[in-house]
Amino acid sequence: MAIFVVTLEGYEPGDPTRLTVLAFVQAQDEAGAQAAALAALAERAWTDVQALRAGEVTDEAAVPADFATAMASARRWGLGLIIYEQD
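About the thresholds
- The numbers attached to residues start from 1 for each chain and follow its sequence in the written order.
- Two thresholds apply to this predicted model, a pLDDT of at least 70 for residue-level local features and 80 or more for giving and counting side-chain atom pairs, whereas whole-chain, interface and lining totals are computed over all residues.
- Neither water nor hydrogens contribute to the side-chain values; these are computed over all heavy atoms in the structure.
- DSSP calls a pair of strands paired once it identifies at least 2 bridges connecting them.
- Every helix listed is a DSSP run of H or I at least four residues long, and every strand listed is a run of E at least two residues long, numbered separately from the N terminus.
- Structural elements are reduced to axes, namely lines fitted to C-alpha atoms, with helices fitted over the stretch in contact, and the angle between N-to-C directions of any two is expressed from 0 to 180 degrees.
- Whether two residues are in contact is decided by their heavy atoms: any pair within 4.5 Å suffices.

## Remarks on the sheet that holds strand E2 (residues 18–27)
One open sheet accounts for 4 strands, arranged E3-E1-E2-E4; its pairing is antiparallel. Because the sheet does not close on itself, it has two edges, and the strands there are strand E3 (47–56) and strand E4 (79–85). Taking the axes of each pair of neighbouring strands and ignoring which way they run, one obtains an average angle of 20° across the sheet. Here 7 bridges tie E2 to E4, and the two strands are oriented antiparallel to one another. Paired with Leu 22 across the two strands is Ile 82, which belongs to E4. Along the sheet face, helix H1 (residues 30–43) touches strand E1 (2–11), E2, E3 and E4 and points at about 150° away from the line of E3. Set on the sheet, helix H2 (residues 68–77) makes contact with E1, E2 and E4; between it and E4 the angle comes to about 150°.

See the structure below:
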C-alpha cells in the first residue's frame, strides 16, 4: 500500500494557535489518505481541520531525514504525524 503525505491545518484541543500538520498515511489512494488524516485528527478532538493538499510519496529516499520517524510510523501503523506551529 502506498504512503501519502497530507497537509492539514487545525486547532488542537485547548490551544488557540492554528497548527499545521503533515500526516504520513498508508492508503490506497489520495482520497483515502485525506479521509484517514482528517479522521485521525477528529479522533484527537481537533477542531476546524482542513486538508490543504495531498500527494503520494513516490521516492522514499527523497523524504527528508527529519520526516523519517513519521514515515516509519506510517509504514508500521498506517499513520505518522508531524505538528508545526505557524509563525
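Moving on from the model shown.
## Some remarks on the environment of Arg 53
Position of Arg 53 relative to the elements: it lies in strand E3. Arg 53 sits 47 residues away from Val 6 along the chain, and the two C-alpha atoms are 5.8 Å apart.

## Points about the side chain of Ser 73
Along the chain, Ser 73 falls in helix H2. In this view, Ser 73 contacts Gly 78, Leu 79 and Gly 80; residues no more than four positions away in its chain are not counted.

Geometry only, nothing functional implied.
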